[in-house]
Structures are given as C-alpha cells and as structure tokens.
Amino acid sequence: MMAKRKMSLNELSEKVGLTLANLSILKTGKAKAIRFSTLESICNVLDCQPGDLLEYTKE
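Residues numbered from 1 in each chain as written. Predicted model: local features only at pLDDT ≥ 70, side-chain atom pairs only at ≥ 80, totals over all residues. Heavy atoms only, no water.

Engineer: Would you explain the layout of surface pockets in this entry?
Structural biologist: To locate leftover empty space, one rolls a probe as large as a water molecule over the atoms. The computed volume of the largest pocket comes to approximately 620 Å³. Lining the largest pocket are 22 residues, and of these L26, K27, G29, L53 and L54 sit closest to its centre. For the lining of the largest pocket, the elements supplying multiple residues, two or more each, are α1 (9-16), α2 (20-28), α3 (36-46) and α4 (50-53). Residues that form the lining of the largest pocket fall into these classes: 16 nonpolar, two polar and four charged. Estimates place the volume of the second largest pocket at around 160 Å³. By residue number, the principal contributor to the lining of the second largest pocket is α2, which donates three residues. The class makeup of the residues in the lining of the second largest pocket is six nonpolar, two polar and one charged. (1 Å grid on protein atoms, 1.4 Å probe; cavity = no way out; pocket = protein on both sides within 12 Å on 5 of 7 lines; lining within 4 Å. Points joined across faces, edges and corners; volume = space filled by probe spheres on them. Helix = DSSP H or I, 4+ residues; strand = E, 2+ residues; numbered from the N terminus. Nonpolar A, V, L, I, M, F, W, Y, C, P; charged D, E, K, R; others polar.)

Engineer: I would appreciate a short explanation of the nonpolar core in the present structure.
Structural biologist: Within soluble globular proteins, side chains that are nonpolar tend to cluster in buried spots. If you look at the biggest cluster of nonpolar residues, it comprises 11 residues: M2, M7, L9, L12, V16, L23, L39, I42, C43, L46 and C48. Broken down by secondary-structure element, the contributors of at least two residues to this core are α1 and α3. Among all residues touching M7, those that are not within four sequence positions of it are M2, L12, K15, V45 and L46. (Core = buried A, V, L, I, M, F, W, Y, C linked by side-chain atoms within 4.5 Å. Buried < 20%, exposed > 50% of the residue type's maximum accessible area, 1.4 Å probe, protein only. Contact = heavy atoms within 4.5 Å.)

Engineer: I tried to follow α3 on my own but got confused; where do I start?
Structural biologist: Counting along an α-helix, one turn takes 3.6 residues, and residues three or four places apart therefore face a common direction. The set of residues buried in α3 consists of T38, L39, I42, C43 and L46. The arc that holds the buried residues of α3, viewed along the axis, is 130 degrees, so those residues lie on one side. α3 presents F36, E40 and N44 as exposed residues on the side facing more than 90 degrees away from its buried surface. Buried-residue contacts for α3 involve α1, α2 and α4. Immediately beyond the C-terminal end of α3, within one or two residues, lies D47, with a positive phi of roughly 55 degrees. (Arc of directions from axis to C-beta.)

Structure below.
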C-alpha cells in the first residue's frame, strides 16, 4: 500500500506517529500483535482497509 501511495516508511512514520523501528517490525511481518488504534491510524493515512494490509497464514 505504501508503494501504491508513493509513500516512504519515514513519511508514514511521521504521519502515523510511530517510530521507524516499530513500523519496520510491522512491515517485515515480525510483529506478534498490533493495536487496533495503530491499525486504524495506518489505514487512515494510507486510505485503505485492514484487509489490504493483513494476511492470515496457518503456521
């Protein structure tokens, strides 16, 4: 979604109010959890739905 919006991780970090380190963890899929408020902020900035960002995979 960031590529579609032509937005860098730095720009998203500033607009959402999260550190680059935390966004990087989310982006690489290494996060164990995400707050709904964080997901809402990211979706608001990227003008997308949670399903555009998340994917369920069985372990």
